[in-house]
Structures are given as structure tokens and as C-alpha cells.
Amino acid sequence: LLPAEVISIQSEIENFPYQRLKKAANIVALETCSHIAAGCTGAAFNVLSMYNEPLDEFEPLVCKLQKTRPFFDLLAKSLGRSPITGIQTFWNKNSYITGRLDNGNWTSSGNPLVNHEFYDIGLPICYSNKHSTVTILGKDNIYALSKDEIRSLLSGGVYMDAETLRQLNEMGFGELTGFEVTGHEDKDRIEKFASQPLNGEFAGRERDNRQSFWKSSAYTLRKTGEKAQTLAGLTDYSGIQVSECTMGIFENKLGGRICVAGYYPWTFMENLSKSSQMKSVFRWLSKDNLPGYIASFHKINLWIREPQNGKIALAFTNSSFDRAENIVLMLKTDLINIRLYDMDCKETIIRSSGTDGVY
């Protein structure tokens, strides 16, 4: 939200209470890279002792940061203030006072930017309504919008949970959502993928997130729109189908594409079948306007900047302790070759291995 002319945006990397074994030097360097990738243009390190004592124990940390400094500089120079584009969790300045309005406890509603796992499986995160290609809409956040703004949002790509669907329908937007909530259960439900093109080879796969362990309702949806399609239903622990639809997609009369998820809509996305489904869903929601994504099965955070002067810049991190091999990066670009730099600033030229539609 800072004006474009602001070019010095320092992320404070604070290691309080400055005990060296609390955080590895490698992680401090990675944290710095991630903050610059996410929009900062530098880092201010608050990492040394606050006591009158020798600083010998901090020498390995400072050496690591000094060694990685060229990569920090390369990131800042390459990314600058160019906007990040991709998928954003909706928020605006009113979001902090719209949560928990139903019980009057809005002062403790907290940050509406829930820690969604979509951003850990290789989908591109974005922090701006203006530059997003798909919007994730959560419960209560619709109250931060006017009705005209809601209609505008629903004319694009939107992913929402069942509680948000219920709120939208109660506000009179049912014609644009394509579904309604007809019930919910608090235990013993398993999500089962339907035979639908976006599920591909994973039709019939199951996702059991154990509601008795991680409390979350499983919602049953009913299709109200002619173009509504089921992506997943629910079974019980005996394998009997108890709900035809708990997740579905819909294209409304405004051209907006909607996905409603009624079973753990924000978490437990990190197995092969679910992460693959979500990539297909978000690509569909965007009408192939996602700037890129990681198509392979890896735990990766990805930030892609809008092209500047015909050039695209992006950053991604291996967010697992396992070595990441055979990563497949999909980019919406006409370029055949890209330059890849690791944290040691080692340069590699990578050539496109093929195409998948516009990617």
C-alpha cells in the first residue's frame, strides 16, 4: 500500500532474545530472502546481543549474512517495487472490525489473513486486491465491502468456504454463487473426489482430516445454479455416501467463476491428490490468468512480479527440509529461456521443456 516512490522498505529481522542456538544462520538468511521476495526492498538486522559481552558467538551468523549479501542485493535490484500478482486472501482496512460481528466481539477478531496452506504448495501468493487474479474470500470479510464491490468481486475468480457462501446468500447474492448450504456434521466425514475434469486422475481419491482431532464442520452443499458442478462429496467411516456435494464450482451470469469448499477449506492441502486438485481449481478460477505456479509435488512458496519492461521476475523457496528435485515451474510467458540464481548467486540458464496451454 505504500506509494511507488517509497523505495526503502526494511523488514526487521529480529532474533530476540538473541540466543544464537534459537535460530540457525541459514534460516535468518532465508527469512531475509523471503521478506524481500514478498515486497520489502531490504532488511534491518536486529540479531546481536543486548548485553555487554563479547560478540564471538555471533560471528558465524554475521559471516553467513555477509556471504549472502550479494543475493539480497540481487533480489532487491531485480524485484524492486514491481507489484506481486497471483492469488490473494481478501482484506481491506475495514477487515479488522468486521470479524465476529454476530457476537459483538469484533475488537478481538484479529488478522483476517488466515494462514492458508494454498501458499505452501506452489500457488503464487499476492497481497493486493488490485493485482490479484483470484480472490480467497473468508467468513465475515464480505462485511468490509459494499454490495457493488461484492458484485464486482463475484464477477472474477473467487474461492470461498461454506460459511462465506451462507453469508453471501443471506445478503441476496445466491444467483451468483451457484450453491447453498443444507447441513453440516462435526465428525466422521471423509471428502471423496468426484469424476470431474478438474480432478483428473484423482477421481475417487479420499481426504480424511479427522474432525475429532482437528475440529471443523463438514458442510453439505446443494447446487442451485444450472452450471454448478460437483468436485467432491462426503462419505462416513463405513464408506457410505452421506453427501453428494461438499465442494463445487460454478460460472455465473457475470462471467465470474466460483469455487465453494465445505470440508477443511483452508488446511490439510499437502498430499498429492488435494494439492493437484487445488492447482487445477485455481487455474480454472483465473481463466488461465495465473502468472505461474509449481506444477510438481513440492512444498514451495512462490512470489511472481508483474512483468516490467517485458521482463518477468519471480522468487521461490524450497520450504521443506527435504531436497527439492525435478521441480516443474509453469510460467505464463512467451520466453523460452530464463535465468535462475541460487542463494550463492550461481547462475543457470533454463530452457522451456514444453507447453501446457498458455503456460
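To start, this report covers the structure provided alongside it.

What counts, and where the lines are drawn
Residues numbered from 1 in each chain as written. Predicted model: local features only at pLDDT ≥ 70, side-chain atom pairs only at ≥ 80, totals over all residues. Heavy atoms only, no water. Patch = residues over 30% accessible without salt bridge, like charges linked within 9 Å, V, L, I, M, F, W, Y side chains within 5 Å. Areas by Shrake-Rupley, 256 points an atom, 1.4 Å probe, with all protein chains shown as cover. Salt bridge = Lys/Arg side-chain N within 4 Å of Asp/Glu carboxyl O. Lys, Arg positive; Asp, Glu negative; His and termini not counted. Charge placed at Lys NZ, Arg CZ, Asp CG, Glu CD. Helix = DSSP H or I, 4+ residues; strand = E, 2+ residues; numbered from the N terminus. Buried < 20%, exposed > 50% of the residue type's maximum accessible area, 1.4 Å probe, protein only. Disulfide = S-S within 2.5 Å.

This part is about a negative patch on the surface. Together, Glu53, Asp56, Glu57 and Glu59 make up a negatively charged patch on the protein surface. Mapped onto the fold, aspartate 56 is located in the loop between strand S2 (42-46) and helix H2 (59-79). Residue class for aspartate 56 comes out exposed when judged on its relative accessible area of 58%.

Below, the discussion takes up unusual backbone geometry. The step from phenylalanine 16 to proline 17 runs through a cis peptide bond, and the omega angle for that step is 5 degrees. Structurally, proline 17 can be placed in the loop between strand S1 (10-14) and helix H1 (25-37). One non-glycine residue, tyrosine 264, adopts positive backbone phi at about 40 degrees. Here tyrosine 264 shows up in the loop between strand S13 (257-261) and helix H6 (272-285). Even without being a glycine, phenylalanine 268 presents a positive backbone phi close to 60 degrees. Tracing the backbone through its elements, the reader meets phenylalanine 268 in the loop between S13 and H6.

In this section: the state of the cysteines. By the definition in use, this model includes zero disulfides. Summary of cysteine pairing: cysteine 33 is not part of a disulfide, and the nearest cysteine sulfur, belonging to cysteine 345, is at 9.3 Å.

With that out of the way, let us pick up the pattern of salt bridges. In total, this model carries 13 salt bridges according to the counting rule given. Residue glutamate 251 pairs with arginine 257 through a salt bridge whose shortest N-O separation is 3.4 Å. Overall, the relative accessible area of 26% leaves glutamate 251 in the partly exposed class. Among the residues examined, arginine 257 registers a relative accessible area of 17% and is labelled buried. Through salt bridges with shared partners, a single network forms among Glu191, Arg207 and Lys274.

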